[in-house]
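# Fold and contact review
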Amino acid sequence: MTISTIQQQMLAAVDKAGSNVAEIRTALKQASEQLEKMFVDNAPIRELVNGRAALVDALLQTLWKRHIEEQMDVALAAVGGYGRGELHPASDIDLLILLGHSDDEELAMALSSFITLLWDIGLYVGQSVRTLQECREEAKKDITVATNLMEARFLCGNIELVDQMLDQTGPQNMWPSDLFFKAKWQEQQRRHLKYDDTAHSLEPNVKEGPGGLRDMQMIGWVAKRHFCVPSLRGLVKHHFLTQSEYQTLKKEEAHLWRVRFALHMTTGRAEDRLLFDYQRTLATMFGYEDDDVELGVEKFMQRYYLAVTELQRLNEMLLQYFQETILLKNKLQPPCIINNRFQTRNGFLEVRDKQLFSHRPIIMLELFLLMTQDSSIKGVRASTIRQIREHLHLIDTRLRTNHKAQQLFLEILKQPQGVFHALRRMNRYGILAAYIPDFANIVGRMQYDLFHVYTVDTHTLFVIRNLRRFTVAKYHDEFPLCSDVIARIPRQELLILAALFHDIAKGRGGDHSQLGEVVAYNFCLQHGLNEEESRLVAWLVRTHLVMSMTAQRRDIEDPSVIHEFARQVETPERLDYLYLLTVADMRATNPKCWNSWKGSLLGQLHRSTHLALTTDIDAQTRNARQIAQNKQQAMQQLQQRYAESRITAHWDSISDNYFLQNSVDGIVWQTSLLFDHAGQTTPQLHIVTNDSHGGSEILIIDRDRDNLFAITTGLLDQLGLNIVHARIETANDGITINSFVVLEEDGSAVDGEIRVDEIKQRLLQRLQETAPLRVSSSDFRSRESRHFDVETRINFSQDESKQRTIMRIMAANRPGLLAKIGLAFSKCNIRLCSAKVATIGADVDNSFFITDVNNQPLSDKQQRLLQESVLQQIQPQE
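In this report, we go over the structure that sits alongside the text. Everything numeric here is computed off the predicted structure, so don't read it as measured data. (Residues numbered from 1 in each chain as written. Predicted model: local features only at pLDDT ≥ 70, side-chain atom pairs only at ≥ 80, totals over all residues. Heavy atoms only, no water.)

Turning next to the overall build of the protein. Across its full length, the protein holds 39 helices and 17 strands. Projecting the C-alpha coordinates of the protein onto the three principal axes gives extents of approximately 105 × 75 × 50 Å. Residues classed as buried in the protein amount to 56% of the 878 residues present. Put simply, of all contacts in the protein between residues at least 6 apart along the chain, 70% involve residues at least 24 apart. (Helix = DSSP H or I, 4+ residues; strand = E, 2+ residues; numbered from the N terminus. Buried < 20%, exposed > 50% of the residue type's maximum accessible area, 1.4 Å probe, protein only. Contact = heavy atoms within 4.5 Å.)

Structure follows, in structure tokens:
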């Protein structure tokens, strides 16, 4: 079926319906359904988008004639996207009703009836009713109005009114093309910042995001304002686009149109965000299927990201051309010669010979080196961007193995400034993917989870940005330890190489760290690095997850854990490299998941491991010395207030682990609180914020009793606090010391007297209640997390050095999870020593260090019973 046939059938049904609103609505609905069927049958998207606008044109013209008499001095015009003749299934129908006079009551009533009918039949109408003078006034003070009116397209009524409006609001009367372009460019920059200046976010906006449809519309608006061309094709005639570039632009724009059309179909509304809710549905609709290596939804999203990346490249090039033509009015300054190959004009870099890249493609790499060496260079001239695009194919195996090319690439990484910006530009222009073929595999590659919020290539570049930020003096206070460590790194380019390759094997199947290790090692050797340097980079790629996993999942206050990690690292130099890469990587994965607590864990692990690597003492001896030292220093402070015998008696009732897991200040503080409140029957509760670990510590001293952990964690969850660490120490006299490190939902420490008092009062009230514990059975999860099926996994291992069992639980994050696990502990008579809580996107990965009631590791039978109890508690209730 054709658009023309659908239109004829619709108009025939409307004519037959007369004034029956329901039948007109049905006719419109049937026409829309026919368009959607054509979409499913893979009809050309332009035919559908333009065709829907044509259908609405015909319908409006028919209904207008029924309500508005021919002699009335009024006109109806389509504006905005509808004015361009582009309508998606749920797009607003933007209308301008242009009045010759503003005081015609009969016309006002007729127009009101007309607009009401449009809403009644199911059209999403956005109308403005203005006189010519009002159009002039509004357009003059608001560029958004001026842009909207610029796209006005006559539909019905007095055409002269529309012609006059277009003339009176045109560039000869207001918003000349230079001011218009400058305002729209600034508007685009502000819009991009709302989306972190990246098109590669997890849930992108097809219309408003960088590289989205709005960017193409912006180009069209400027072209129309300055060159008076009705469409982007006119830019080919004006030599701003080549025919090939124009075809690429229209191809990728058409892909985004199809995505947007499908979004509107799927949601039934004007939804332009590619939310998780719809990604799988659209992937299936577009024919993408899962395979052994990659999910269908990941393939679908990579195709989307590649489209917006290409549109971003064209957008940047065209904006640069417009700047030269419109703002500078082709009056460029005389060139500033850099060398025989390059010069700058008005701060923008360009080649001196248009044939340079075709004869010597290696010079494309020199361009980016020059940009790192001269901070006065603002960017690249549009003509040179085009030259790069046209000669990318010359970056082949022969060039990649050219010694001069390899030296140029490494030299870029060695520069003291501008490295991130150069690499980001190289990625945007396609240079990185051409020079490092394995990098092409990760361009636009998404990871379908809530942990990685950027595509792999964007994440990789953000890791490099974070590393470079450590070297900037004005940012020293953000991560002082990182800034101090990177200052002593002998070869920072090795660190940049490790960052560049750390995720390069994602999407290939298998362990990306091991596969990436091979790629990185070969690249380094090919680029002239010696064996030791190449192995260092390769080792960093292979182990780039080890430090974060150790810090978040292991008991890093246990010297045996530090000793084991130190054996993996081997040298203080390797430790420094790995520490910097880990912090930069974690911060670039998901900014919302990074917090000061994680930073403190990594810092603590770095310091402890550095000490282990620089002293020749075995783990057992180091443990004993640390315990003795902490006891001695704490005793010196406590003896000023309490009898030594009392202190010793108390310390003898608790395990040696306590003195390894707490600092001297922590031991003194907790012991003092215990003694000062001895004999009290009510719980003691204290909250302190510790800058060294980036969180707030809640200390509860109470008689040991059933469900104490479950009660506490359940209430902390209700208070909106995230528990990141818990430590429980029970003395022989039945007194238990529960320490919880918590963060607010935004990752900050608890702050303010009112908030602290609220937490104290609620906790004390609940701890003194005798009512049985009730934990909500709700399985509420966030909108995003509901689209990820997370299998609950429980693993047990033995911590032989401390005679305890480690239970690791990986599950979907949900309210009350820790409280439910605590209930299972009570039911199975499990004693909890400490816990480490890590939230990774929609998942939690928690480690619990536990014993039985006799302080012994769990037997196989006890493990099995505990696993059954935990699963029973945390699985959603039917």
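So much for the structure itself; the text now carries on.
Our next topic: the sheet that holds strand β5 (residues 336-337). Spatially, the 4 strands line up as an open sheet ordered β5-β6-β7-β8, and their pairing is mixed. Taken across any chain shown, the strands that pair with only one partner, and hence form the sheet edges, are β5 and β8 (379-380). Pairing between strand β6 (residues 342-345) and strand β7 (residues 348-351): 4 bridges, direction antiparallel. Bridge pairing in β7 links Phe 342 to Val 351. (Pairing = 2+ DSSP bridges.)

A few words now on the packing of helix α9 (residues 177-194) against helix α14 (residues 296-327). One can describe the packing of α9 onto α14 by two numbers: an axis separation of 10 Å at closest approach and a directional angle of 150°. One element, α9, and the other, α14, form an angle in the roughly antiparallel class. The way α9 lies across α14 gives a crossing that is left-handed. Here Ser 177, Asp 178, Phe 181, Lys 182, Trp 185 and Gln 188 of α9 come into contact with α14, specifically with Asn 315, Leu 319, Phe 322, Gln 323, Ile 326 and Leu 327. (Axes fitted to C-alpha atoms, helices over the stretch in contact; angles between N-to-C directions. Parallel < 35°, antiparallel > 145°, perpendicular 65-115°, else oblique. Left-handed = near helix turned anticlockwise from the far one by under 90°.)

So, about the pattern of salt bridges. Going through the model one piece at a time under the given rule, you end up with 44 salt bridges. Its salt-bridge partner being Arg 214, residue Glu 208 comes within 3.0 Å of it at the nearest N-O pair. A salt bridge links Arg 313 to Glu 310, with the shortest nitrogen-to-oxygen separation between them at 3.3 Å. Linking Arg 313 with Glu 310, this pair stays in helix α14, spanning 3 residues, or about one helical turn. Note on Arg 313: relative accessible area 15%, which makes it buried. Beyond isolated ion pairs, a larger network of salt bridges with shared partners links Arg 191, Glu 208, Arg 214 and Asp 215. (Salt bridge = Lys/Arg side-chain N within 4 Å of Asp/Glu carboxyl O.)

To continue, consider the side chain of Gln 406. The residue Gln 406 is located in helix α19 (residues 403-414) in this model. Within the structure, the side chain of Gln 406 is placed 3.0 Å from the backbone oxygen of Gln 526, a separation counted as a polar contact. In this structure, Gln 406 is in contact with Arg 400, Thr 401, Tyr 435, Gln 526 and His 527, ignoring residues within four places of it in sequence. (Polar contact = N/O pair within 3.5 Å; in protein donor to acceptor, adjacent residues only side chain to side chain.)

Turning next to helix α13 (residues 276-285). Those residues of α13 lying buried are Phe 276, Tyr 278, Gln 279, Leu 282 and Ala 283. Within α13, the buried residues cover an arc of 150° as seen down the axis, which keeps them to one side. Along its buried surface, α13 packs onto α12 (243-267) and α14. Among the residues trailing α13, Gly 287 stands out with phi positive, at a value near 85°. (Arc of directions from axis to C-beta.)

Following the criterion strictly, the structure yields 23 aromatic pairs and no others. Ring centres of Phe 227 and Phe 240 lie 4.8 Å apart, and the angle between their planes is 55°; on these two criteria the pair is classed as tilted. One end of the pair, Phe 227, is in helix α10 (residues 213-227); the other, Phe 240, is in the loop between α11 (234-237) and α12, with 13 residues separating them in the sequence. Accessibility classification places Phe 227 together with Phe 240 in one group, the buried group. With a centroid separation of 4.9 Å and 90° between ring planes, the pair formed by Tyr 454 and Phe 462 is classed as edge-to-face. Like Phe 462, Tyr 454 is buried. Chaining the aromatic ring pairs together yields one cluster made of Phe 181, Trp 185, Phe 227, Phe 240, Tyr 321 and Phe 322. One Lys or Arg, Arg 258, reaches over the ring of Phe 286 and ends 5.9 Å from the middle of that ring. (Phe/Tyr/Trp six-rings, centres within 6.5 Å; stacked < 30°, edge-to-face > 60°. Lys NZ or Arg CZ within 6 Å of the ring centre and 35° of its normal.)

What links the strands of a sheet is backbone hydrogen bonding, and the strands pair in either a parallel or an antiparallel sense. Taken in spatial order, the 4 strands make up an open sheet running β3-β2-β1-β4, and their pairing is mixed. Each edge of the open sheet carries a strand with a single partner, namely β3 (125-131) and β4 (153-157). Averaged over all pairs of adjacent strands, the angle between strand axes in this sheet comes to 25°, irrespective of strand direction. Its contacts with the sheet place helix α6 (residues 132-141) against β2 (93-99) and β3, and it is angled at close to 110° to β3.

Counting buried residues along strand β17 (residues 843-851), 8 of its 9 residues qualify, which places the element largely inside the surrounding structure. With 8 bridges connecting them, strand β14 (residues 804-812) and β17 associate as antiparallel partners. In the sheet register, Ile 809 faces β17, and the bridge partner there is Asn 846. In this sheet, β17 lies alongside strand β15 (residues 831-836) in antiparallel orientation, the contact comprising 5 bridges. Of the residues in β17, the one forming a bridge with Lys 836 is Ser 847.

Here the focus is the environment of Ile 556. With respect to the helices and strands, Ile 556 occurs in the loop between α28 (546-553) and α29 (559-569). Separated by 105 residues in the primary sequence, Ile 556 and Gln 661 place their C-alpha atoms 8.7 Å from one another.

This brings us to the pairing of β2. Of all 7 residues that make up β2, 6 are buried, and the element is covered over most of its length. Alignment of strand β1 (residues 74-78) against β2, held across 5 bridges, turns out to be antiparallel. Within β2, the residue paired with Ala 78 across the bridge is Leu 95. For the segment spanning β2, helix α5 (residues 105-120) and β3, crossover handedness is right-handed. (Right-handed = clockwise from strand over helix to strand, strands pointing away.)

Everything listed here is a matter of geometry and, on its own, says nothing about what the molecule does.
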